[in-house]
Amino acid sequence: MTQVGVNGYGTIGKRVADAVTAQPDMELAGVAKTRPNFEAETATRKGYPLYAAVPERADQFGEAGLDIAGEVDELVAAADVIVDCTPSGIGAENRSLYREHDTPAIFQGGEDADVADVSFNARANYENAVGADSARVVSCNTTGLSRILAPLDETYGVEKARVTLVRRGGDPGQTGRGPIDDILPDPVTIPSHHGPDVNTIFPDLNIDTLGMKVPATLMHTHSVNVTLESDATAAAVRDLFADETRLFQIPADADIDGAGKLKEFAHDAGRPRGDLWENCIWSESITVEERDLYLFQAIHQESDVVPENIDAVRALTGTADAAESMATTADAMGVGIDYGR
Ligand SMILES: NC(=O)C1=CN([C@@H]2O[C@H](COP(=O)(O)OP(=O)(O)OC[C@H]3O[C@@H](n4cnc5c(N)ncnc54)[C@H](O)[C@@H]3O)[C@@H](O)[C@H]2O)C=CC1
Ligand SMILES: O=C(OP(=O)(O)O)[C@H](O)COP(=O)(O)O
């Protein structure tokens with residue numbers, strides 16, 4: 001059993017912790033929190049060992065009626081792998097703590113690529129992380145792009161990818177984020193950081209990305225154009241994507257017209273927190289004009305990186321190959337949508 005510690009128990013951390021507890025080959029060593037808020041209370045209620053992330057604030061937990069198992073360095077010492085889910089930039093600050101304890105570490109996409117030995121996407125470059133000391137699971141958007149680019153590149157070759165990313169302003173719980181009533185080119189410079197981030201997974205891939213931010217919280221939406229190196233048809237691309245567990249093709253007759261209905265669908269399906277771990281690609285949008293493929297996809301920013309974090313644990317510990325790990329993760333979490341079956 002691999003003992004996994006989660007440092008930072010917010011949007012990503014709480015989902016990674018739940019996913020760890022579902023795996024047959026992993027145990028949750030504990031989670032580290034900075035303060036005794038409602039998420040700390042939930043962790044305690046779930047029976048997760050709770051550690052104080054900031055030693056000076058450890059007393060606050062007891063004062064709030066929450067027992068702690070210790071301080072974060074004890075969690076790092078006890079874990080075989082630590083998954084750092086702290087806000088952007090804090091992961092880099094925590095790197096020395098993980099090194100001190102010789103604990104392999106997984107970082108998130110908000111960190112710069114040089115925080116870790118490798119940038120990671122299970123479908124595209126799992127092998128690069130096998131036996132590494134650290135890996136960075138690329139951002140939700142880069143994860144979503146890597147999942148479609150890997151099969152397209154393997155099957156047809158990618159001459160050039162062009163993607164416009166319409167980004168949600170903040171997560172549902174991020175009440176301080178915006179825009180509230182605006183549509184922003186963000187970043188206004190081109191390419192956005194997503195293209196270079198894709199290149200940390202596919203170093204030679206030719207890609208331009210443009211980013212925008214809108215007053216939405218539910219999901220990101222991508223408008224994708226990929227010029228392929230060889231001929232394809234829309235039907236063949238649909239068949240190719242159908243073999244990918246982490247790609248969900250929204251059927252035309254599902255009456256799912258946007259992120260709102262996608263989330264409703266996820267809740268109806270009994271998904272925890274209404275999570276959609278898969279890219280959600282509108283099947284009707286898949287169009288091929290000569291060698292140009294077009295599609296729209298929605299990405300659930302809060303959850304698509306969660307299966308990737310689980311696979312990254314197995315890659316760092318060398319306990320499974322990519323196919324085995326992705327299958328185990330899917331079975332344990334219920335990743336994959338067989339609509340209509
Ligand atoms: N929310 C999203 O849409 C996605 C976020 N990411 C990345 O995941 C990482 C985490 O993001 P979120 O979960 O959204 O952030 P979050 O703000 O929801 O959660 C971060 C948690 O870490 C805690 N924290 C702060 N300082 C800490 C410290 N020194 N030690 C331990 N914990 C500390 C915060 O109190 C909070 O509970 C970032 O790198 C982000 O870019 C990646 C994909 C999607
Ligand atoms: O990594 C993300 O988005 P990004 O790839 O657009 O930077 C996540 O949705 C987190 O974005 P945030 O930095 O706006 O919280």
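How each quantity is defined
Residues numbered from 1 in each chain as written. Chains lettered and ligands numbered in written order. Predicted model: local features only at pLDDT ≥ 70, side-chain atom pairs only at ≥ 80, totals over all residues. Heavy atoms only, no water. UniProt positions renumbered as here; feature names shortened; annotations may be inferred. Helix = DSSP H or I, 4+ residues; strand = E, 2+ residues; numbered from the N terminus. Rg over C-alpha atoms; globule rule 2.2 N^0.38 Å. Buried < 20%, exposed > 50% of the residue type's maximum accessible area, 1.4 Å probe, protein only. Contact = heavy atoms within 4.5 Å. Areas by Shrake-Rupley, 256 points an atom, 1.4 Å probe, with all protein chains shown as cover. Lys, Arg positive; Asp, Glu negative; His and termini not counted. Charge placed at Lys NZ, Arg CZ, Asp CG, Glu CD. Expected span 1.5 Å × (residues − 1). Polar contact = N/O pair within 3.5 Å; in protein donor to acceptor, adjacent residues only side chain to side chain. Core = buried A, V, L, I, M, F, W, Y, C linked by side-chain atoms within 4.5 Å. Domains from an automatic or database assignment. Buried area = accessible area lost by both parts, 1.4 Å probe. Salt bridge = Lys/Arg side-chain N within 4 Å of Asp/Glu carboxyl O. Near = heavy atom within 4 Å. Nonpolar A, V, L, I, M, F, W, Y, C, P; charged D, E, K, R; others polar. Right-handed = clockwise from strand over helix to strand, strands pointing away.

You'll find the chain entered in an unreviewed UniProt entry as Glyceraldehyde-3-phosphate dehydrogenase, with Haloplanus ruber given as the organism. Heading Subcellular location (unreviewed entry) of the UniProt record for the chain holds this comment: "Cytoplasm". Quoted verbatim from the Subunit (unreviewed entry) field of the UniProt record, the comment on the chain reads "Homotetramer."

(A) Local environment of the overall build of the chain. Each helix and strand counted, the chain has 12 helices and 16 strands in total. In terms of overall size, the chain behaves like a compact globule, its C-alpha atoms giving a radius of gyration of 20 Å where 341 residues would be expected to give roughly 20 Å. When its C-alpha atoms are laid out on the principal axes, the chain stretches across 65 × 45 × 45 Å. Within the chain, buried positions represent 54% of all 341 residues. Considering only residue pairs separated by 6 or more positions, the chain has 70% of its internal contacts joining residues 24 or more positions apart. Split by element, the accessible area of the chain, about 14500 Å² in all, is 47% carbon and sulfur. The chain carries 27 positive and 57 negative side-chain charges, and their two centres are separated by 4 Å.

(B) A look at helix 12 (residues 322–333). Across its 12 residues, helix 12 extends 16 Å between first and last C-alpha, which sits within 8% of the 16 Å expected from 1.5 Å per residue. For helix 12, the N-terminal capping position is held by D321, with its side-chain oxygen 3.2 Å away from the main-chain nitrogen of A323. The first or second residue beyond helix 12 is G334, which carries a positive phi of 85 degrees.

(C) How the structure looks around the nonpolar core. Core analysis: the biggest nonpolar cluster contains 47 residues, and V16, V31, I106 and F120 have the highest contact counts within it. Of the residues forming this core, the biggest block, 6 residues, is contributed by helix 11 (residues 306–317). Composition of this core by domain shows at least three residues from each of domain 1 (2–137 + 305–333) and domain 2 (140–299). Discounting chain neighbours no more than four positions away, the residues touching V31 are V6, Y9, A17, A43, Y48, P49, L50, Y51 and L75. One finds I207, A234, L240 and I286 within the second-largest nonpolar core, a separate group that totals 30 residues.

(D) Spatial organisation of the UniProt feature "binding site: D-glyceraldehyde 3-phosphate" (unreviewed entry) in the chain. The feature "binding site: D-glyceraldehyde 3-phosphate" (unreviewed entry), as given by UniProt, occupies S139, C140, N141, H194 and G195 in the numbering adopted here. On the basis of their most widely separated C-alpha atoms, the annotated residues across 57 residues gather in one place, lying no more than 13.0 Å apart. Its location among the elements puts C140 in helix 7 (residues 140–155). In this structure C140 comes out as buried when scored by relative accessible area, which is 14%. With residues up to four places along the chain from it excluded, the contact list for C140 reads H220, I299, Q301, D304 and V305. One can find N141 in helix 7. Residue classification places N141 among the buried residues on the basis of a relative accessible area of 3%. Ignoring sequence-local partners within four residues, the contact set of N141 consists of L165, R167, H194, H220 and H222.

(E) Quick look at the domain arrangement of the chain. Split into domains, the chain comes out as domain 1 (2–137 + 305–333) and domain 2 (140–299). If you average the C-alpha positions of domain 1 and of domain 2, the two centres end up 26 Å apart. Between domain 1 and domain 2 lies a buried interface of about 1600 Å² when both sides are counted; carbon and sulfur atoms form 49% of it. By the criterion of area lost to domain 2, the three top residues of domain 1 are R15, N121 and R123, representing 33% of everything that side buries. Our enumeration of links across domain 1 and domain 2 arrives at 8 salt bridges. With a closest N to O distance of 3.0 Å, R246 and E308 form a salt bridge. Linking domain 1 to domain 2 there are 9 residue pairs in polar contact (both at pLDDT 80 or more).

(F) Layout of the site of ligand 2. Near ligand 2 you find S139, C140, N141, R167, R168, R177, H193, H194, K213, H220 and Q301, and these make up its full shell. In the environment of ligand 2, an oxygen atom lies 2.7 Å from a nitrogen or oxygen atom belonging to the side chain of R167. One nitrogen or oxygen atom from the side chain of H220 is found 3.0 Å from an oxygen atom belonging to ligand 2. Protein chains bury 77% of the 380 Å² of accessible surface belonging to ligand 2 in isolation. For the shell around ligand 2, the class distribution of residues is 1 nonpolar, 6 polar and 4 charged.

(G) Molecular detail of the pairing of strand 2 (residues 26–33). For strand 2, the buried fraction is high: 7 of the 8 residues fall into the buried class. Regarding topology, helix 1 (residues 11–22) serves as the crossover connection from strand 1 (residues 2–7) to the parallel strand 2, and that connection is right-handed. Tracing the backbone out of strand 2, into helix 2 (residues 38–45) and back to the parallel element strand 3 (residues 50–52) gives a crossover that is right-handed.

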